[in-house]
Amino acid sequence: MWTSITAFTPESFLAVSGRASNAVWATATNGVFVFWDGATWASRGATTASMYSLYVPNTGDIWLGGNCGSNGSIWLYNGGLNTALTCTMNNILSIWGSGSSTVYDWVVGAGGAIGKPASGVNGGLTPSAISSPTTNSLRGVWGSTGTDVWAVGDNGTILHYQP
């Protein structure tokens, strides 16, 4: 049975993910980032931008994707919400990683944006845009491995990546 939990913020929630029933994170508009400990929701930081997605590996850091002005941004949470890693991609709408790695594998976003961590750029943490076969916004990304990945988006867009 679904039950309603009263949030302490009127913001619109955009993504939720977790590691266990007492370790759940959610993102919302206007930079709201919250944590559920099994009993209550509490703030874990805030930014000035909306965070549309998050990647919560089994261990390690948590990655959040969103926007900062007209550019996409990635935030790292490792006990505190770190400064955004701004990239040249459009708004990041989904972020995904292939396992317990502390770094995400793929991001997708507005205007068909697709990106991967760029080695040598900010320690390999900032995403670098790669060629995309669409200009439709991509709203979800998932893969069985880092080299077998699906992205979905507006207007019936479904993309599959296999090198």
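First, a word on what this report is: a plain description of the structure on this page. (Residues numbered from 1 in each chain as written. Predicted model: local features only at pLDDT ≥ 70, side-chain atom pairs only at ≥ 80, totals over all residues. Heavy atoms only, no water.)

## Focus on the nonpolar core
Note the following rule: Joining through side-chain atoms within 4.5 Å is the link that ties buried Ala, Val, Leu, Ile, Met, Phe, Trp, Tyr and Cys residues into a set, and such a set is a nonpolar core. Residue burial is assigned from relative accessible area. The probe radius is 1.4 Å, only protein chains are included, and a residue is buried under 20% of its type maximum, exposed over 50%, and partly exposed in between. Only runs of H or I of at least four residues qualify as helices and only runs of E of at least two qualify as strands under DSSP, and these elements are numbered from the N terminus.
One finds Trp-25, Phe-33, Leu-54, Ile-62, Leu-64 and Tyr-77 to be the most contacted residues of the largest nonpolar core, which totals 13 residues. Residue assignment for this core shows that the elements contributing at least two residues are strand 2 (23–28), strand 3 (32–36), strand 5 (51–55), strand 6 (62–68) and strand 7 (71–77). Among the nonpolar cores identified, the runner-up in size contains 11 residues, and Leu-76, Ile-92, Ile-95 and Val-107 belong to it.

## Describing the packing of aromatic side chains
Note the cut-off: Aromatic pairs are defined between Phe, Tyr and Trp rings, using the six-membered ring for Trp, whenever the two ring centres lie within 6.5 Å; interplanar angles under 30 degrees are classed as stacked, those over 60 as edge-to-face, and all others as tilted. Two limits define a charge over a ring: the Lys NZ or Arg CZ must be within 6 Å of the ring centre, and within 35 degrees of the ring normal.
In total, this model carries five aromatic pairs according to the counting rule given. A centroid spacing of 4.9 Å and a plane angle of 50° characterise the contact between Trp-25 and Phe-35, whose relative ring orientation is tilted. Residue Trp-25 is found in strand 2, and its partner Phe-35 is found in strand 3; the two are separated by 10 residues along the sequence. You can call Phe-35 buried: its relative accessible area is 14%. On the basis of an interplanar angle of 50° and a centroid distance of 5.5 Å, the ring pair of Trp-36 and Trp-41 is categorised as tilted. A residue is classified by how much of its surface remains accessible, and Trp-36, at 17% relative accessible area, is buried. With relative accessibility at 26%, the residue Trp-41 sits in the partly exposed group. Directly above the ring of Trp-106 sits Lys-116, whose terminal nitrogen or CZ lies 4.2 Å from the centroid.

## Some points on the sheet that holds strand 12 (residues 127–129)
Under the convention used in this document: By this definition, two strands are paired if DSSP reports at least two bridges between them. Between N-to-C directions, angles cover 0 to 180 degrees, with each direction set by a line fitted to C-alpha atoms, over the stretch in contact for helices.
Here four strands make up an open sheet; going across it, the order is 9-10-11-12 and the pairing antiparallel. The two strands at the open ends of the sheet, each matched to only one other strand, are strand 9 (92–96) and strand 12. On average, each strand axis in the sheet is tilted by 30° relative to the strand beside it, whichever way the strands run. Judged from the two bridges that link them, strand 10 (residues 106–109) and strand 11 (residues 114–117) form a sheet pairing that is antiparallel. Bridge assignment links Val-108 to a residue of strand 11, and that residue is Ile-114.

## Quick look at the pattern of salt bridges
Side chains that differ in sign of charge can pair as their charged atoms come close. What counts, and what does not: Here, a salt bridge means any side-chain nitrogen of Lys or Arg that lies within 4 Å of a carboxyl oxygen of Asp or Glu.
Scanning the model with the defined rule gives one salt bridge in all. In this structure, Asp-154 and Arg-139 form a salt bridge, with 2.6 Å as the shortest nitrogen-oxygen distance. Linking Asp-154 in the loop between strand 14 (148–153) and strand 15 (158–161) with Arg-139 in strand 13 (residues 138–145), this pair joins segments that are 15 residues apart in sequence. Residue classification places Arg-139 among the partly exposed positions, given a relative accessible area of 48%.

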